[in-house]
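Observations on the model geometry
Here's the letter readout for the chains.
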Amino acid sequence: MPLQLHNTLTQKVEPFQPLADNTVKMYTCGPTVYDYAHIGNFRTFVFYDLLRRWLRASGFALNHVMNITDVDDKIIRNAVAQGRSLRDYTDNFTKAFLDDCGTLRLERPEHIARATDHINEMAEAIAKLEAGGYTYRSDDSVYFRISQFPGYGKLSHNDFSGMVAGARVDVDEYEKSDARDFALWKAPKDKDEPAWDTCIGTGRPGWHIECSVMAYQFLGATLDLHAGGVDLIFPHHENEIAQSEALTGQPFARFWVHSEFLLVEGQKMSKSLGNFYTLRDLFSRGFTPESVRFLLASVPYRKGLNFTFEGLHSAKTAIDRLRNFKLRLETAKLAEGENSEVQTAAEAAHTGFRAAMDDDLNTAEALGAVFEFLRAANVALDGGTFLDGNRARALELMVLFDSVFEILKPSETADGISADDVEAQIAARAAAKKARDFARADQIRNELLEKGVILEDTKDGVRWKRK
RNA sequence: GGCGCGGUAGCCAAGUGGUAAGGCAAGGGUCUGCAAAACCCUUAUUCGUCGGUUCGAUCCCGACCCGCGCCUCCA
C-alpha cells in the first residue's frame with residue numbers, strides 16, 4: 001500500500017504521489033516571527049518534519065519551501081514600540097525559531113523564504129491581479145474581490161454564494177466593499193509605518209499574498225502538497241487559492257494537509273491561563289528536546305493533541321526504554337544462529353511500522369508495532385532464544401523507527417565525562433569487585449553517577465549510559 | 001447558526017461489523033555482594049447517551065449530550 005494522506009480539498013484519505021518526476025513540490029506555512037514560537041506551533045512544525053521524513057522514506061525527493069512571515073501588524077506594532085527596525089526585531093525571533101527547530105531535530109526545508117525578501121515580486125503579482133480585474137483600491141490599499149473568483153470556498157467547504165455586500169459588520173479597519181474581501185496590499189496608515197515603494201505604490205503586502213507569490217517563485221504554478229495548521233484553512237489557504245489560481249489559471253495545490261490543534265492539560269493554551277509554553281519554558285523545567293519531540297510526534301497529526309506534563313514524563317520513560325533496547329541489541333552476547341520466530345516478529349514489526357505510516361502518518365500505530373516487537377525481543381533475549389542472526393534485522397527496525405522519530409540519540413550535554421574515561425572507571429570497578437573491595441566499587445559507581453553516567457550490571461557484563 | 005475534528009481503562013492513545021494495539025502510571029516478580037538500572041507479568045465483559053439496522057456494533061444509520069477548532073489575527 002503506497003502512502004496515503006488526508007486531503008482537505010476532497011475530505012478523503014487518498015494515495016499521494018507527485019505530479020511530475022519523483023520530486024514533491026511542497027509548501028508549508030511557517031511562523032510569524034513576532035515572538036518565540038510555542039508548543040502549539042511546534043506541534044505543526046513537528047508534523048511537517050514527520051511528513052518530510054516519511055515522504056523521503058517513501059522514495060520521493062523533496063523540494064520544500066517554508067515561509068517566514070516577517071511583516072505584519074503585530075510585528076510592526078512591537079517593533080515600533082521597542083524603537084527597533086523591522087529587520088532587527090524579526091531577525092531575533094527568526095534566529096530563535098530556527099534554533100528551536102534545530103533543537104527539536106526538525107529537518108531544514110530546502111528553502112526558507114522571508115516575506116520581506118520578496119516584496120517586489122508580490123507587488124508585481126498584485127499588479128497582474130489588478131490588470132486581470134480581480135481587485136479594487138480603497139485609500140491606496142488593494143483588495144481582492146472574492147466575488148470574481150468562482151471557486152472561493154472549495155477548500156473550507158463553505159458556501160459563500162449567499163453573501164451580500166454589507167450584510168455583515170465590517171470589523172476591519174479598512175474600507176472593503178465585501179466583508180470577506182481581503183487585503184493584498186496595505187497602504188501605510190501613518191508615517192512611521194514600514195513601507196516599500198513598488199510598482200503599485202507605497203505600502204506593504206497583506207499576509208496571504210506572500211505565500212502565493214513565494215510558492216510560485218520557488219515551485220511554479222502547481223504544488224504537489226501544501227500543509228499548515230487547521231486554523232489556516234480559512235481564510236488563509238482559501239485566499240491563497242483564490243490569488244494563485246487567479247494569477248496562473250492553474251490548480252494551486254493538489255494536496256492540502258492540515259494538522260489539528262494542541263491543548264494543554266485539556267484546555268486551550270493561552271497566556272491568561274498560564275499554560276502558554278515555549279520550548280525554552282519546557283527545557284528550563286528539565287524536560288529534554290527528545291521528550292517534547294516524542295510527545296508531539298506520537299499522536300497522529302489529525303487528532304487533537306492533549307499536551308500534559310504527565311505525557312512529557314511518559315515520553316521520557318518510553319524513550320529510555322527504546323534506548324535501552326537498542327543498547328541491549330548492540331551489546332548483548334548472543335549465540336550463533338537465527339531464530340525464525342524472532343525473525344518473523346521483526347519482519348512483522350517492519351511491515352506494521354511502514355503500513356501505519358503509510359496510512360496517513362499513523363504514528364501511534366507505528367509506535368505500537370515497535371513496542372510490540374521490543375517486548376517480544378526482550379523476552380527472547382532473557383530466554384536466550386534471541387540469536388546473533390536476529391540482531392541485524394532488529395537493529396534495522398530501530399533505524400527505521402528513528403528515521404522518523406529521531407529521539408534515540410541523547411542531546412549533547414555541555415559537560416560530560418568522555419567515553420574512554422568511563423570505560424577506564426568501569427575497569428577499575430571490576431577489579432575492585434574481583435578483589436571484593438565493594439566499598440571502592442560502590443564509590444566508583446557513585447562517582448560516575450554524579451557525572452551523569454548510569455552503570456548497569458548485566459549478565460553480559462557492565463553496560464553504561466548517560467542519564 | 002454554518003463548516004470541521006473528537007468523546008475508548010487513573011492518564012495518553014490505536015483500532016475493527018465477530019468480540020478491545022501500544023505507551024505511562026500502579027501492583028507483583030526476575031536479576032544482583034548490596035543497590036541501581038534493566039527486563040518480565042498483571043490491570044477495560046467494555047469503547048459519551050438513547051434508539052435503529054444486523055445472527056452479531058465500540059466500529060454502520062439516526063437523535064441527543066459534552067469538549068475543541070474555524071467562520072476576525074492565529075499552528
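Glancing now at helix H5 (residues 207-219). With 13 residues, H5 extends 19 Å between its outermost C-alpha atoms, agreeing within 8% with the 18 Å of an ideal straight helix rising 1.5 Å per residue. The set of residues buried in H5 consists of His208, Ile209, Glu210, Cys211, Ser212, Val213, Met214, Ala215 and Leu219. Remark: Gly220 follows H5 within two positions and exhibits a positive phi of approximately 90°.

With four bridges connecting them, strand S1 (residues 4-7) and strand S2 (residues 12-15) associate as antiparallel partners. Bridging from a neighbouring strand, His6 pairs with Val13 of S2.

The sheet built from three strands is open, its strands ordered S14-S13-S15 with mixed pairing. In this open sheet, the two edge strands, each paired with only one partner strand, are strand S14 (267-268) and strand S15 (305-307). Pairing of strand S13 (residues 262-264) with S15 involves three bridges; the strand directions are parallel. If you follow Val264 over to S15, its bridge partner there is Phe307.

So, on to the domain arrangement of chain A. Looking at chain A, the domain boundaries give domain 1 (4-259), domain 2 (267-405) and domain 3 (419-466). Inter-centroid distance (C-alpha atoms) of domain 2 to domain 3 is 28 Å. Taken together, the eight residues of domain 2 in the interface contact six residues of domain 3. A buried area of about 570 Å², summed over both sides, lies between domain 2 and domain 3, and 40% of it is on carbon and sulfur atoms. The interface formed by domain 2 and domain 3 holds zero salt bridges in total.

What follows deals with the side chain of Arg429. In this fold, Arg429 is placed in helix H13 (residues 419-434). Dropping the residues within four chain positions of it, Arg429 is found in contact with Ala441, Ile444, Arg445, Leu455, Asp457 and Val462.

Under the definition given, this model contains 22 aromatic pairs. Measuring from centroid to centroid gives 6.1 Å for Phe42 and Phe97, while their planes differ by 20°, and the two rings are stacked. Taken together, the residues span a long stretch of sequence, with Phe42 in helix H1 (residues 39-57) and Phe97 in helix H3 (residues 86-103) at a distance of 55 residues. The same class applies to Phe42 and to Phe97, which are both buried. For the pair Tyr134 and Phe144, a centre-to-centre distance of 5.9 Å together with 15° between the ring planes defines the contact as stacked. Of this pair, Tyr134 sits in the loop between helix H4 (119-131) and strand S6 (135-138) while Phe144 sits in strand S7 (residues 141-144), placing them 10 residues apart in sequence. Put simply, the rings of Phe42, Phe45, Phe47, Tyr48, Phe97 and Tyr301 touch in pairs and so form one group of aromatic residues. A cation over a ring is seen here: Lys74 above Tyr34, with NZ or CZ 4.3 Å from the ring centre.

Here we take up the sheet that holds strand S12 (residues 253-259). Reading across the sheet, the five strands line up as S5-S4-S3-S11-S12 and stay open at both edges, with parallel pairing between neighbours. Each edge of the open sheet is held by one strand with a lone partner, namely strand S5 (111-114) and S12. Across the sheet, the mean angle from the axis of one strand to that of its neighbour is 20°, orientation sign disregarded. Where strand S3 (residues 23-28) and strand S11 (residues 223-229) come together, three bridges link them in parallel fashion. Considered in S11, the bridge of Thr28 is made with Ala227. Running at roughly 150° to S11, H1 makes contact with S3, strand S4 (61-68), S11 and S12 of the sheet. Of the strands in this sheet, S3, S4, S5 and S11 touch H5, which is tilted by about 150° from S4.

Here we come to the confidence of the model for chain A. Low-confidence regions, as indicated by low pLDDT, have predicted coordinates that should not be scrutinised in detail. A residue-level look at chain A finds 96% of positions with pLDDT of 70 or above and a mean pLDDT of 91. For residues 163-174, every residue scores under 50 in pLDDT, and the model assigns this stretch 16 contacts once sequence neighbours within four places are set aside.

Attention now moves to unusual backbone geometry. The amide bond that connects Phe234 to the next residue, Pro235, takes the cis arrangement and shows omega of 5°. Secondary-structure assignment places Pro235 in helix H6 (residues 233-248). The backbone of His157 shows a phi angle near 55°, a positive value even though the residue is not glycine. Turning to its location among the elements, His157 is positioned in the loop between S7 and strand S8 (182-186). According to the relative accessible area criterion, His157 is partly exposed, its value standing at 36%.

You can see Glu245 is positioned in helix H6. Excluding residues within four positions of it along the chain, Glu245 makes contact with Phe149, Lys154, Gln250, Pro251 and Phe252.

Reading the values: the criteria
- Residues numbered from 1 in each chain as written.
- Chains lettered and ligands numbered in written order.
- Predicted model: local features only at pLDDT ≥ 70, side-chain atom pairs only at ≥ 80, totals over all residues.
- Heavy atoms only, no water.
- Helix = DSSP H or I, 4+ residues; strand = E, 2+ residues; numbered from the N terminus.
- Expected span 1.5 Å × (residues − 1).
- Buried < 20%, exposed > 50% of the residue type's maximum accessible area, 1.4 Å probe, protein only.
- Pairing = 2+ DSSP bridges.
- Domains from an automatic or database assignment.
- Contact = heavy atoms within 4.5 Å.
- Buried area = accessible area lost by both parts, 1.4 Å probe.
- Salt bridge = Lys/Arg side-chain N within 4 Å of Asp/Glu carboxyl O.
- Phe/Tyr/Trp six-rings, centres within 6.5 Å; stacked < 30°, edge-to-face > 60°.
- Lys NZ or Arg CZ within 6 Å of the ring centre and 35° of its normal.
- Axes fitted to C-alpha atoms, helices over the stretch in contact; angles between N-to-C directions.
- pLDDT = per-residue confidence, 0-100.

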